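Per-entry structural report
If you want the building blocks of each chain, they are given just below.
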Amino acid sequence: MKLPREFFYDEVRDGFYIPGMVKRAWGAALTILSEIDRICKKHGIQYHISAGTLLGAVREGAFIPWDDDLDIIMLRDEFNKFWSVAKAELPKELTFTFDIGHMDRSGYLAAVGISEMYFRPEILRKYCEYPYPAAIDVFILDDLAKNPEDEEYRKDVLHILYTMIGLVESKKDQSRSFLKELEKVEELLEIQFDRNSPLAPQLYDIFHRVCQEFNGKGDTVAFLAYQMHHEKTKFPKAAFQGSKQISFCNREFPAPIDYDTVLKVIYGDYKKPVKAGGIHNYPYFRQYEERLQKLFGEKWVFSYQFKEEDLERPNVENFREILFKTVDYFLERQKKILEACKKKDFLFLHTALPTCQEEAIALGNAIEAKKGEGCESVSLLEQYCETLYHAYQALEEGLHSDEKETDRVESESGKQLERMLKKAGSYLRKLRHVLEGEFKRQIVFLPHSAKHFDSLRPLIDALAAEDDVECKVIPIPYFDRLGDGNFSEMHYEGKEFPEGYEITDYRTYDFATELPDCIVLNSPYDEVNPVWSVDSFFYSRKMKNYTRKLVYIPPFVTDEINPKAEEDGKAFGNMEYYVTVPGVFHADLTIVQSEEMKKAYLAKIARFAKGGVSKKMRKKISGAGSCLFGEKKGQGTKEVLEKFKSFLQK
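Residues numbered from 1 in each chain as written. Predicted model: local features only at pLDDT ≥ 70, side-chain atom pairs only at ≥ 80, totals over all residues. Heavy atoms only, no water.

1. Side note on helix H7 (residues 199–211)
Quick reminder of the rule: Strands here mean DSSP runs of E at least two residues long; helices mean DSSP runs of H or I at least four residues long; both are numbered from the N terminus. Here a helix's expected span is defined as the number of its residues, less one, multiplied by 1.5 Å. Any residue under 20% of the maximum accessible area for its type is buried, any over 50% is exposed, and the rest in between are partly exposed; the area is computed with a 1.4 Å probe on protein chains only. In this description, contact between two residues means that some pair of their heavy atoms is separated by no more than 4.5 Å.
The end-to-end C-alpha distance of H7 is 18 Å, a good match for the 18 Å that 13 residues give at a rise of 1.5 Å each. Across the 13 residues of H7, 11 count as buried, placing the element largely inside the fold. Listed as buried for H7 are Leu-199, Ala-200, Pro-201, Gln-202, Leu-203, Tyr-204, Ile-206, Phe-207, His-208, Val-210 and Cys-211. Residues of H7 that are buried in the fold lie against helix H3 (76–89), strand S7 (134–143), helix H5 (148–169), helix H6 (176–189) and helix H8 (224–227).

Here is the structure:
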């Protein structure tokens with residue numbers, strides 16, 4: 001099943017952040033579902049999408065943002081047909097997990113999927129570059145007894161079997177009490193367990209036999225392994241005796257003929273979105289990530305390993321900063337020269353004035369090399385040098401005057417010298433003002449995606465109106481990653497950005513020479529995102545070596561997240577994919593959507609990095625707002641601009 005590459009990028013939908021790897025899991029599941037669909041159509045087997053998959057299809061035609069798997073459901077007769085052909089029909093990389101009586105492979109429900117981690121290219125390509133095990137659960141529906149007493153008795157039996165299965169699977173099946181219970185079950189059901197074979201498959205086998213006791217006799221069905229604990233979760237059998245094709249991720253799949261009733265039984269008012277709470281077992285592939293992380297150690301790059309030095313800031317000085325420091329030095333020395341003139345310290349002046357000329361010429365040459373000929377600042381430096389020359393001549397005239405004329409000459413040359421020096425000082429003061437216009441603060445924005453430009457665009461527009469700021473928009477290339485982590489196709493969207501913005505080619509901008517005053521990142525992931533990556537040159541840890549101020553602005557906003565709220569459990573868990581990542585720690589400032597979200601960031605960081613890291617990060621994260629909120633009072637572009645400008649001027 002071919003899905004567009006954009007399908008797999010991380011995104012925010014319904015206020016919920018969806019990591020790219022979850023979307024790859026979706027893609028793998030859809031590929032597996034396509035195989036199931038093919039087999040069922042070929043053999044005339046009726047199945048239906050179910051649970052969260054059905055809910056997503058009906059409500060939005062796609063996955064629910066906080067869901068991470070696919071579910072289907074079958075009546076027992078249809079399932080038995082599928083069971084009889086699945087092994088022969090499924091491609092060799094897919095397994096059908098249900099075999100009753102086959103060691104420990106049986107369970108309450110069946111599953112079709114990839115049962116091991118495949119890093120073979122052909123498997124990765126077919127299953128959307130998803131490297132972990134993936135499966136679709138198959139829920140089996142059985143008839144409920146029409147007689148409530150019969151159903152109650154069956155439930156008691158199922159509870160006993162359920163308890164015994166739990167004891168076996170937790171290795172507590174050798175106790176005397178367990179063996180006595182086993183004998184009671186044998187007597188009750190008139191069966192005999194084989195003590196020399198694994199008990200779990202035998203117990204599952206009996207469980208499923210009991211589930212089928214009233215099939216063909218009832219009007220109501222349920223997945224009994226669940227319904228025995230949730231009595232109200234049962235459906236009219238007629239709801240599944242027919243199908244409606246329904247769009248899901250731009251493909252048609254069968255839904256129960258009365259899916260409205262099915263969804264109401266499961267969710268109540270299913271049309272109202274309700275976030276599934278709790279982080280437990282979400283996303284399901286976390287266990288496989290952790291296994292690989294242990295196996296590969298530091299070589300596993302897809303999980304950020306924080307180091308204290310990531311918070312350190314290298315000393316970076318660009319031409320503009322050196323330029324203004326030099327002018328400030330000239331002005332300070334000019335004061336000393338005037339003081340020396342008043343004190344008639346002519347020996348100091350005799351040495352200082354030529355030195356000032358030489359340094360001013362060197363500064364002018366440097367400016368011309370940077371900006372070209374015709375700069376007003378260079379012209380002022382030339383006038384400054386000429387004035388110093390005349391001042392030096394006046395000094396020489398006083399020092400070498402005839403003894404008879406000494407007092408008169410010294411007086412006149414002294415006045416001339418002082419006038420020249422004051423005039424030179426005025427050129428320097430004017431020079432500083434002119435340089436502020438010629439050498440504006442340069443801010444470089446590094447978006448990778450035209451789609452996400454709106455998170456920066458209002459800030460760029462506002463800064464472009466400032467007299468002392470020069471903005472450069474430099475779209476950067478990014479790469480899709482294969483399932484083994486290697487880069488694949490490169491993408492560059494420079495031509496797709498809105499008209500009216502001068503786009504600088506990333507290949508022509510020399511970061512080492514320019515050393516911009518501020519670099520603004522839109523991607524904080526560096527190498528840890530397993531689905532895509534900007535070009536490694538633009539990783540945050542490298543960019544902070546080219547500027548004194550590195551800023552990260554998220555390209556998205558989510559619903560507000562309360563780390564302590566159960567309903568926000570998955571959202572808070574997913575923050576590890578965009579908070580505990582290199583860019584947030586390398587950046588000198590991260591501007592997030594609100595003060596509450598800042599608290600959520602810090603709570604996530606506190607759980608991630610021990611010691612006083614969250615305290616240090618408190619100064620590096622601002623909850624000023626987001627440009628994506630537009631002019632929203634207290635949280636929009638105005639607040640982001642104010643925070644950005646105050647940070648820039650520090």
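Alright, that's what it looks like, and here's the rest.
2. Things to note about a nonpolar patch on the surface
Stated formally: Residues qualify for a patch when their relative accessible area is over 30% and they have no salt bridge, like charges being joined within 9 Å and the nonpolar side chains of Val, Leu, Ile, Met, Phe, Trp and Tyr within 5 Å. In these tables, accessible area is a Shrake-Rupley quantity obtained with a 1.4 Å probe, and a residue counts as shielded only by the protein chains included in the view. By definition here, a salt bridge exists when the distance from a side-chain nitrogen of Lys or Arg to a carboxyl oxygen of Asp or Glu is within 4 Å.
Residues Tyr-153, Ile-160 and Leu-188 make up a contiguous nonpolar surface patch of roughly 270 Å² in combined accessible area. When you line up the elements, Ile-160 lands in helix H5. When its relative accessible area of 33% is taken as the criterion, Ile-160 is described as partly exposed.

3. Some details on the nonpolar core
The following threshold applies: Think of a nonpolar core as a cluster: buried Ala, Val, Leu, Ile, Met, Phe, Trp, Tyr and Cys residues, connected wherever their side-chain atoms sit within 4.5 Å.
Counting residues in each nonpolar core, the largest one holds 142 residues, and the members touching the most others are Phe-82 and Leu-446. Looking at which element gives the most residues to this core, the answer is helix H1 (residues 20–43), with 12 residues. Ignoring sequence-local partners within four residues, the contact set of Leu-446 consists of Ile-474, Ile-476, Phe-511, Ile-519, Val-520, Leu-521, Asn-522, Phe-538 and Met-543. Counting residues in hydrophobic clusters, the runner-up holds 34 residues, among them Ile-337, Leu-395, Leu-421 and Val-434.

4. Thoughts on the side chain of Gln-227
How we decide: Definition of a polar contact: a pair of N or O atoms within 3.5 Å, with one able to donate and the other able to accept a hydrogen when the atoms are protein atoms, and with sequence-neighbouring residues admitted only if both atoms are side-chain atoms.
Looking at the element boundaries, Gln-227 is found in helix H8. Residue class for Gln-227 comes out buried when judged on its relative accessible area of 1%. Among the polar contacts listed, one links the side chain of Gln-227 to the side chain of Lys-155, at a separation of 3.2 Å. Residues within four places of Gln-227 in sequence aside, it is in contact with Leu-144, Lys-155, Ala-222, Thr-233 and Lys-234.

5. A word on the environment of Ala-464
One can find Ala-464 in helix H15 (residues 457–464). Ala-464 gets classed as exposed once you look at its relative accessible area, which sits at 55%. Expressed as a C-alpha distance, the spacing of Ala-464 and Pro-498, which sit 34 residues apart in the sequence, is 16 Å.

6. Quick notes on the pattern of salt bridges
Under the defined criterion, the tally for this structure stands at 39 salt bridges. For Glu-308, the salt bridge identified is with Lys-616, shortest N-O distance 3.3 Å. Of this pair, Glu-308 sits in the loop between helix H10 (286–296) and helix H11 (319–342) while Lys-616 is found in helix H21 (residues 613–618), placing the two residues 308 residues apart along the sequence. A relative accessible area of 42% places Glu-308 in the partly exposed class. Linking Arg-313 and Asp-588 is a salt bridge whose minimum nitrogen-to-oxygen distance equals 2.6 Å. Placement of the pair is Arg-313 in the loop between H10 and H11 and Asp-588 in the loop between helix H19 (582–586) and strand S19 (589–591), with a sequence separation of 275 residues.

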